[in-house]
Amino acid sequence: MMKKLQPYYPSFASAALMWLILFLIYPHYQYYIDPDGTAYLTIARRYATGDLARATNGYWSPWACWLTAGLMRLGMQAIPASVVVNAMGATGFLLVSQSLFTRFGLLRHIQWLFSLTLALFLCYAVFWQSFDDLWECFFLLCSLRLMLQDNFKHKPLWWVLCGALGTLAYFAKAYSFPFFILNTIGCTWLLTRGNRLLWLRVSLTCISVMVLLGMPWIIALHQKYGTWTTSTSGTLNMSWYLVGHPHWKQGIDLLIPPAYPDSPYYWEDPWLANGATPHFWDSWSLFGNEIVRSGYHIVLFVLATLQLSVLFPLVLIVSTLGLLLKNIKPLFSADEKIAACSFVLFPLGYVLVNFESRYLWYMVPLSMLFGAMIIQRDYFRARISGKALSYLFALSYLVVPAWGLGIMYDSGKQEYVLAGQLRAAHIEGSFTGNLSHRFMERLAYFSGNNYYFTLIDGQRGNPGELFKDIRRYKIAFYLSDRSINSSPVYQSLKAFEDSTMLRENRENLRQITDTATNNVCVYRVVD
């Protein structure tokens, strides 16, 4: 038993280190909620309380919400529960990465180095993006590792298991649905080495199982939204990036109401506030826009890879050439070609949407794998110290995480403190204001109030129109940040804030301005 576990010692030790670090730094990162976090946390609360109709959501994937809701039902608070769930996904990420390192015969010291590097990287990732990406990476890497198993192509039960992993990856993040299909087609073609009948049997079984197990969720989305879709996120994101902005529903002017009466704000389900969703095939003009946007997204892709590691693009180029060039193909084993295929295919779907470095976390252990293969080649080992190069390569993955941890340190604490003061002063109800959207959405979540998202800016709307919308939605409070007096938004709203139409709630203001949040002024809207 111990001999079987021995290859996993690096990941076990690294996982223990990761959990220890997360425990130690949690007090300074517990208030950080990523831009999507308020939506996920609200949905998890709905599952925990049995509000299934509103919990069913086409924009946000359900897997981590289900797990978080389960821990909440056991008595945990929402935010620590979400961190634990994300850390569980990160642990799986570590273990399956180590399995890949072992499968491809990386030198033992490199396995230890990369596992420790991943552990430190994941301490950042757990907080940077909660709920979806790490679990998606775990399930997709598991499916890839299963396809690399000896005799996979001759074991139908493993095909079924691979399809089930595809379903779990889809539940973790909707992008996995199209990618799993594409990845299965490409990898099984290489796996079966041109045996078309076997290729069809393996790929169709994997894909059919994935779709079949995912159908209950797809049906639930159809019942809620009235359209057949695997997710509303792809449709919305593609249309937003295509035209550069959302098309809001008729009737929405300068303020976007929350998705539901008890939502922090509209981002819990943006489909409910969205109007038209243009597609690039709707007109030649939009098709031209898509060409331009795709070119821009490719530039963003290069930048995203550099954020992961300055050597990442080089590894990606070598992997791509290993699939395409005849004189390089022989240098890659059959398993290496399959892994390279998955590595190269993964980012393709995002070309039509957008790129952030977190979208590419699936590629991180694969890039380490191919980077190590390059370092271990005799050509490099004869000219450069293999250990020195491997240390530099590993270190390059920790630059952005170090920066990100600095950005997140005590981020959100100001909103948490202010939310407590609002509750203590019995300031309850809907609000809007001129503070940053990140500040307002966190404040809405921490305080349990509704934030009406503001569309007014230097070019759109005026104080009179804004107040008309405030009256229309019966908004109770307006929050102002006096520290941004040079911004166009401030200049546009200052007359509105100083007008007799608002009365400063001075009793509460005195209590609030005794803290570090003294730049925030709270106004009660006069009836």
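So, here's what we can say about the structure. Predicted model only: the values in this text are computed from it and were never measured.

## Observations regarding the side chain of Ser 367
Here comes step 1: By secondary structure assignment, the location of Ser 367 is in helix α16 (residues 363–376).
Here comes step 2: Residues in contact with Ser 367, not counting those within four places in the same chain, are Phe 312, Val 315, Phe 343, Phe 393 and Tyr 397.

## Looking at the packing of aromatic side chains
Here comes step 1: Applying the stated criterion to the full structure yields 59 aromatic pairs.
Here comes step 2: With a centroid separation of 5.9 Å and an interplanar angle of 75°, the aromatic rings of Trp 135 and Phe 138 are classed as edge-to-face. With Trp 135 and Phe 138 both in helix α8 (residues 133–147), this residue pair falls three residues apart, about one helical turn.
Here comes step 3: Judged by relative accessible area, Trp 135 falls into the buried class, the value being 7%.
Here comes step 4: The interplanar angle of 75° and the centroid separation of 6.0 Å between the aromatic rings of Tyr 225 and Trp 271 together place this pair among those described as edge-to-face.

## Some remarks on helix α2 (residues 9–29)
Because each turn of an α-helix spans 3.6 residues, side chains separated by three or four positions in sequence point in the same direction.
Here comes step 1: With 21 residues, α2 extends 29 Å between its outermost C-alpha atoms, agreeing within 8% with the 30 Å of an ideal straight helix rising 1.5 Å per residue.
Here comes step 2: Roughly 35° is the biggest bend found in α2, and it falls at Phe 23, with proline Pro 27 one to four residues downstream.
Here comes step 3: Buried residues of α2: Pro 10, Ser 11, Ser 14, Ala 15, Met 18, Leu 22, Ile 25, Tyr 26 and Tyr 29, and no others.
Here comes step 4: Turning to α2, the residues buried within the fold contact α6 (78–103), α7 (108–128) and α19 (399–408).

## Here we look at the pairing of strand β6 (residues 520–525)
Here comes step 1: Most of β6 is tucked away, with five of its six residues classed as buried.
Here comes step 2: Alignment of strand β4 (residues 477–481) against β6, held across five bridges, turns out to be antiparallel. From the neighbouring strand, Leu 479 faces β6, where its bridge partner is Val 522.

## Thoughts on empty space enclosed by the protein
Here comes step 1: Per the stated rule, a full pass over the model turns up four cavities of 30 Å³ or more.
Here comes step 2: What lines the largest cavity is a set of 15 residues, and nearest its centre among them are Tyr 32, Ile 79, Ser 82, Val 83 and Ser 130.
Here comes step 3: Contributions of two or more residues to the lining of the largest cavity are made by α3 (37–49), α6 and α7.
Here comes step 4: Considering every element that reaches the lining of the largest cavity, the biggest residue donor is α6, with four residues.

## Examining the nonpolar core
Here comes step 1: With 154 residues, the main nonpolar core has Phe 114, Trp 361 and Tyr 362 as its most contacted residues.
Here comes step 2: For this core, the leading source of residues is α7, giving 13 residues.
Here comes step 3: Discounting chain neighbours no more than four positions away, the residues touching Trp 361 are Phe 93, Phe 121, Tyr 124, Ala 125, Trp 128, Gln 129, Asp 133, Leu 134, Cys 137 and Leu 308.
Here comes step 4: In terms of nonpolar packing, the next biggest core, distinct from the first, is built from 13 residues, Leu 254, Leu 255, Ile 456 and Ile 475 among them.

## A few points about the pairing of β4
Each regular strand carries side chains that alternate between the two faces of the sheet.
Here comes step 1: Among the five residues that make up β4, five are buried, leaving the element largely enclosed by the rest of the structure.
Here comes step 2: Side chains Phe 477, Leu 479 and Asp 481 project from β4 onto one buried face, and the interleaved Tyr 478 and Ser 480 project onto a second face that is buried too.

Basis of the calculations
- The residue count restarts for each chain, going from 1 along the sequence in the order it is written.
- Only residues with pLDDT of at least 70 get local features here, since the model is predicted, and only at 80 or more are side-chain atom pairs given and counted; chain-wide, interface and lining totals rely on the full set of residues.
- Side-chain descriptors were evaluated using all non-hydrogen atoms of the structure, hydrogens and water having been removed beforehand.
- To qualify as a helix, a DSSP run of H or I must reach at least 4 residues; to qualify as a strand, a run of E must reach at least 2; elements of each kind are numbered from the N terminus.
- Residue contacts are counted whenever heavy atoms from the two residues lie within 4.5 Å of one another.
- Ring geometry is summarised as follows: Phe, Tyr and Trp rings, the Trp one being its six-membered ring, pair when their centres sit within 6.5 Å, and such pairs are stacked at plane angles under 30 degrees, edge-to-face over 60 and tilted between the two.
- Accessibility here uses a 1.4 Å probe with only protein chains present; expressed as a share of the type maximum, an area under 20% marks a residue as buried, one over 50% as exposed, and anything in between as partly exposed.
- In a helix, the anticipated span is given by 1.5 Å times the number of residues less one.
- A residue's bend is given by the angle between axes fitted to the 7 residues ending at it and the 7 residues starting at it.
- By this definition, two strands are paired if DSSP reports at least two bridges between them.
- Residues are said to line a cavity or pocket when one of their atoms sits within 4 Å of a point; the points come from a 1 Å grid over protein atoms alone, cavities being sets where a 1.4 Å probe fits but cannot get out and pockets being open sets with protein on both sides within 12 Å along at least five of seven lines.
- Grid points are joined across faces, edges and corners, and a volume is the space filled by probe spheres set on the points.
- As used in this record, nonpolar core signifies buried Ala, Val, Leu, Ile, Met, Phe, Trp, Tyr and Cys residues forming a set joined through side-chain atoms within 4.5 Å.

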